[in-house]
Amino acid sequence: MTGVPASAAGGSAKAKGPAVSGASGSPSMSAMSASGASGGGPGGAKSQRGAKLTAAAVNQASVWNIANLLTMLRLVLVPGFVALMLADGGYDPAWRSFAWAAFAIAMITDLFDGHLARTYNLVTDFGKIADPIADKAIMGAALICLSSLGDLPWWVTIVILGRELGITLLRFIVIRYGVIPASRGGKLKTLTQGVAVGMYVLALTGWLATLRWWVMAAAVVLTVVTGLDYVRQAIVLRRQGIAERKAASEEAEA
């Protein structure tokens, strides 16, 4: 910073002299203060420890943000949804309507918490772990309840939940090579699943009952197709990662 005024003043030797001597001769005041702050003495060590404690406190407090609170709400809604779904034998239209409301709130919060976390830089380790768990918990609870009540064939529940758990495991396996991004097909699959399951939760009759069957059929097709696409991406990502590591190893040996 000392060189800027010198050049602005015309770059005279008098203006440049102190700047050069400060850089190459005796240490300047800024250098001494920097060395003191970096742990050159007891005060520096204390300031470092204080900074670490402050950073830890900020990181801990950041867990309690709006995105994570919505995720926690979704987790709390799971047992409430199950209780409402199975109340009075599981076939009372009024209780099923309340269960649908709980499911709808969970699906809506799923849309907002991720968007808020990315938009306002609220991404935390807790959110990365809890968000997918909350998503699969509410969807799995709904599917299992519907199949146990005889409203939905068990093979549909097995296909959807098997795909979700399988793709999650696959992501962890190939994470050393990279991250499989969420595709548009995956997002459409999630939306279709939510609409289909929501329609099954409600005690629908007539043409609406027929319509929900077709919506669920579309959800199953998207579940299988997008699952196979994620497997393809994982294979390609793994091959690329192995090739890059091999090339880097050969370059290092050379």
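Up top is the structure these notes are about.
Residues numbered from 1 in each chain as written. Predicted model: local features only at pLDDT ≥ 70, side-chain atom pairs only at ≥ 80, totals over all residues. Heavy atoms only, no water.

Draft legend 1. Expanded view of the pattern of salt bridges. Considering all chains together, one arrives at seven salt bridges under this definition. Ionic pairing is found between Arg-163 and Glu-164, a salt bridge with its closest N-O pair at 3.3 Å. Residue Glu-164 is classed as buried on the basis of its relative accessible area, which comes to 11%. Via salt bridges that share partners, Arg-74, Asp-110, Asp-131 and Asp-135 belong to a single interconnected network. (Salt bridge = Lys/Arg side-chain N within 4 Å of Asp/Glu carboxyl O. Buried < 20%, exposed > 50% of the residue type's maximum accessible area, 1.4 Å probe, protein only.)

Draft legend 2. Summary view of the environment of Leu-70. Mapped onto the elements of the fold, Leu-70 is located in helix 5 (residues 66–86). Its relative accessible area of 17% is what places Leu-70 among the buried residues. Spatially, the C-alpha atom of Leu-70 lies 10.0 Å from that of Leu-116, the residues being 46 residues apart in sequence. Once residues lying within four places of it in the same chain are set aside, the contact partners of Leu-70 are Thr-109, Phe-112, Asp-113 and Leu-116. (Helix = DSSP H or I, 4+ residues; strand = E, 2+ residues; numbered from the N terminus. Contact = heavy atoms within 4.5 Å.)

Draft legend 3. Quick peek at the packing of aromatic side chains. Under the definition given, this model contains three aromatic pairs. With a centroid separation of 4.9 Å and an interplanar angle of 85 degrees, the aromatic rings of Trp-213 and Trp-214 are classed as edge-to-face. Judged by relative accessible area, Trp-213 falls into the partly exposed class, the value being 48%. By relative accessible area, Trp-214 is classed as exposed at 56%. Between Arg-171 and the ring centre of Tyr-230, over which it is positioned, the NZ or CZ distance is 5.0 Å. Sitting over the face of the ring of Tyr-200, Arg-212 holds its NZ or CZ atom 4.5 Å from the ring centroid. (Phe/Tyr/Trp six-rings, centres within 6.5 Å; stacked < 30°, edge-to-face > 60°. Lys NZ or Arg CZ within 6 Å of the ring centre and 35° of its normal.)

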